[in-house]
Amino acid sequence: KKFSIMPLDTEHIDMICEDIKYQFELGIVDCILFFMPLHPEGTPAVDKAKLLGDKYKIFKDRLDSMGVKNGILAQSTIGHGYALSEPSPYKKIINLNDGYEDTVCCPYDDGFCEYIKYTMSYLASLNPDMIMVDDDFRLINRQGNGCACKMHMERFNELANTDMTREELYGILKADNECEYADIFIKTQKEAVIKGAKAMRDGVDSVNPTLQMAFCAAGGYAEFALDIAKILSGENNPIIIRVSNGVYVPIGTK
């Protein structure tokens, strides 16, 4: 599969569609994915799926008439860690290493899962050819080394039969990252992203169980990418993972 990510810039729709047509005619791409940052902002959370979906429908009508496959890149779900315009009500990740509360949502949170389930159900109702989930959907492969929020620590202590604080756990893992507690901590991180992935797929399935979804791996460590992609893929669809091959810098800076 060859994808091209395009902006939802309706003011330049003619130029963008000409570019897309050129890419298809030369065999550069198989499917166009439109860039949608969907991480929650505001209380109650802004309906980004509706706002961005209205723009997508304009492009989709044009591209469908051209016979060009098109879909959506969910460029952010839990968030990349950027500053928010307005805070959302959902629980945020707490860095294991320093206790910092990030702007990123923890997918263990039921409220977030309901938000992202609705978001995906709405996007599915627009009948895209594919929805790809971007690489912000991860916990361990971040500067904080994973989430140690209250929900994660409670689950860790339940599995480990301990009563550790975040600081105590980090001290142990820093000294020995291959101990049994490391395995248990990693399990809690996996449980959280699996929960979030199931919420996304459930949202899509409520509209179209056959809709193809895909997943972007991140960095040198493809954190549970296969497990997540299997859940997202959908009924009788191939499992699609974008490998970590993004090049985001000019050649001259290498």
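Definitions and cut-offs
The numbering scheme is per chain: residues are counted from 1 as the chain's sequence reads. Per-residue local features are limited, in this predicted model, to residues with pLDDT of at least 70; the limit for side-chain atom pairs, both in listing and counting, is 80 or more; totals at the level of whole chains, interfaces and linings are taken over all residues. To obtain the side-chain values, all non-hydrogen atoms of the structure were included, while hydrogens and water were left out. Under the scheme used here, helices are H or I runs from DSSP no shorter than 4 residues and strands are E runs no shorter than 2 residues, and both carry numbers assigned from the N terminus. Type-normalised accessible area, obtained with a 1.4 Å probe on protein chains alone, sets the label of each residue: buried when under 20%, exposed when over 50%, and partly exposed for intermediate values. By definition, residues are in contact when any of their heavy atoms lie within 4.5 Å. Two strands qualify as a pair provided that DSSP identifies no fewer than 2 bridges between them. For helices, the fitted axis covers only the stretch in contact; all axes are lines through C-alpha atoms, and the angles between them, taken along N-to-C directions, range from 0 to 180 degrees. For classification purposes, an angle smaller than 35 degrees is called roughly parallel, one larger than 145 roughly antiparallel, one from 65 to 115 roughly perpendicular, and anything else oblique. In this scheme the handedness of a crossing depends on how the near helix is turned from the far one: anticlockwise by less than a right angle means left-handed, clockwise means right-handed. Nonpolar residues are Ala, Val, Leu, Ile, Met, Phe, Trp, Tyr, Cys and Pro. Charged residues are Asp, Glu, Lys and Arg, and all others, Gly as well, are polar. Taken from the helix axis, the directions to the C-beta atoms give the arc we talk about. Here, a salt bridge means any side-chain nitrogen of Lys or Arg that lies within 4 Å of a carboxyl oxygen of Asp or Glu. Nonpolar cores are built from buried Ala, Val, Leu, Ile, Met, Phe, Trp, Tyr and Cys residues. Side-chain atoms within 4.5 Å join them into one set. The rule for a disulfide is simple: a pair of cysteine sulfur atoms within 2.5 Å. Each polar contact in these results corresponds to two N or O atoms within 3.5 Å; when the atoms are within protein, one needs to be able to donate a hydrogen and the other to accept it, and residues that are neighboring in sequence are counted only if both atoms are side-chain atoms.

> Whenever I open this one, the overall build of the protein confuses me. Can you help?
The helix and strand tally for the protein stands at 7 helices and 8 strands. The dimensions of the protein, computed from C-alpha atoms along their principal axes, are 60 × 45 × 40 Å. Across the 254 residues of the protein, 48% fall into the buried class. When contacts within the protein are restricted to residue pairs at least 6 apart in sequence, long-range pairs at least 24 apart make up 74% of them.

> How should the pairing of strand S7 (residues 212–216) be read in this particular structure?
Note on strand geometry: in a regular strand, side chains alternate between the two faces of the sheet. Extensive coverage of S7 is indicated by the burial of 5 of its 5 residues. Side chains of S7 alternate between two faces, with Gln212, Ala214 and Cys216 and Met213 and Phe215 buried alike. Taken together, the 4 bridges between strand S6 (residues 130–133) and S7 define a ladder with parallel strand orientation. Bridge pairing links Met130 to Gln212 in S7.

> I'm lost on the packing of helix H4 (residues 150–160) against helix H6 (residues 180–205) in this one. Help?
A packed helix pair is summarised by two numbers, namely the angle formed by the two axes and the spacing between the axes. Interhelical geometry of H4 versus H6 gives an angle of 130 degrees and a closest axis separation of 9 Å. The orientation of H4 relative to H6 falls into the category oblique. Once H4 is placed against H6, the crossing between them reads as right-handed. Residues His152, Arg155, Phe156, Leu159 and Ala160 of H4 form the contact with H6, whose participating residues are Tyr181, Ile184, Phe185, Lys187, Thr188, Gln189, Glu191 and Ala192. Here the residues of the contact of H4 with H6 are counted per class, giving 7 nonpolar, 3 polar and 3 charged.

> Would you take a moment to explain helix H7 (residues 225–233) for this structure?
Note: α-helices contain 3.6 residues per turn, so residues at a spacing of three or four share the same orientation. Taken residue by residue, H7 has Ala225, Ile228, Ala229, Leu232 and Ser233 as its buried positions. Taken end-on, H7 shows its buried residues confined to a sector of 130 degrees, consistent with a single buried face. Buried-residue contacts for H7 involve S6, H6, S7 and strand S8 (241–242). A positive backbone phi angle near 100 degrees is found at Gly234, which sits one or two residues after H7.

> Looking at this structure, I do not really get the pattern of salt bridges. What am I missing?
A side chain with one charge can pair with a side chain of the opposite charge if their charged atoms come near. Tallied over the full model, the rule gives 11 salt bridges. A salt bridge links Asp110 to Lys195; the shortest N-O distance between them is 2.5 Å. Taken together, the residues Asp110 in helix H3 (residues 110–125) and Lys195 in helix H6 connect sequence positions 85 residues apart. The salt bridge partner of Glu167 is Arg166, with a shortest N-O separation of 3.2 Å. For Arg166, a relative accessible area of 15% puts it in the buried group. Look at the salt bridges and you will find they share partners, linking Lys50, Asp54 and Lys57 into a network.

> Just checking my understanding: could you explain the nonpolar core for this structure?
Side chains that are nonpolar tend, in soluble globular proteins, to be buried together. Counting 58 residues, the largest nonpolar core has Phe34, Met120, Leu123 and Phe137 as its most contacted members. Counting residues per element, this core draws most heavily on H3, which supplies 8 residues. When near neighbours in sequence (up to four residues on either side) are disregarded, Phe34 contacts Met6, Pro7, Leu8, Ile20, Tyr56, Phe59, Leu63, Asn70, Gly71, Ile72 and Leu73. Core analysis: the next-biggest nonpolar cluster, separate from the first, contains 12 residues, Ala148, Met153, Phe156 and Ile184 among them.

> It is not clear to me how the state of the cysteines should be interpreted in this structure. Could you clarify?
By definition, a disulfide links the sulfur atoms of two cysteines through a covalent bond. All told, the structure shown has 0 disulfides when counted by the stated rule. Looking at Cys106, it has no disulfide partner, and the nearest cysteine sulfur is the one in Cys149, 3.9 Å off. As a non-bridged cysteine, Cys179 has Cys147 as the owner of its nearest cysteine sulfur, 18 Å distant. The class of Cys179 is buried, set by a relative accessible area of 13%.

> Please explain unusual backbone geometry as it appears in this structure.
Excluding glycine, residues mostly carry a negative phi; peptide bonds, for their part, are mostly trans. With omega at -5 degrees, the peptide bond leading from Thr43 into Pro44 counts as cis. Considering the arrangement of structural elements, one finds Pro44 in the loop between strand S2 (31–37) and helix H2 (48–66). Backbone geometry at Asn127 places phi at a positive 60 degrees, although glycine is not the residue there. Among the structural elements, Asn127 can be located in the loop between H3 and S6.

> Could you clarify how one ought to interpret the side chain of Asn95 in this entry?
Inspection of the secondary structure assignment puts Asn95 in the loop between strand S4 (92–94) and strand S5 (101–105). What makes Asn95 buried here is its relative accessible area of 8%. A distance of 3.1 Å separates the side chain of Asn95 from the side chain of Asp98, its partner in a polar contact.

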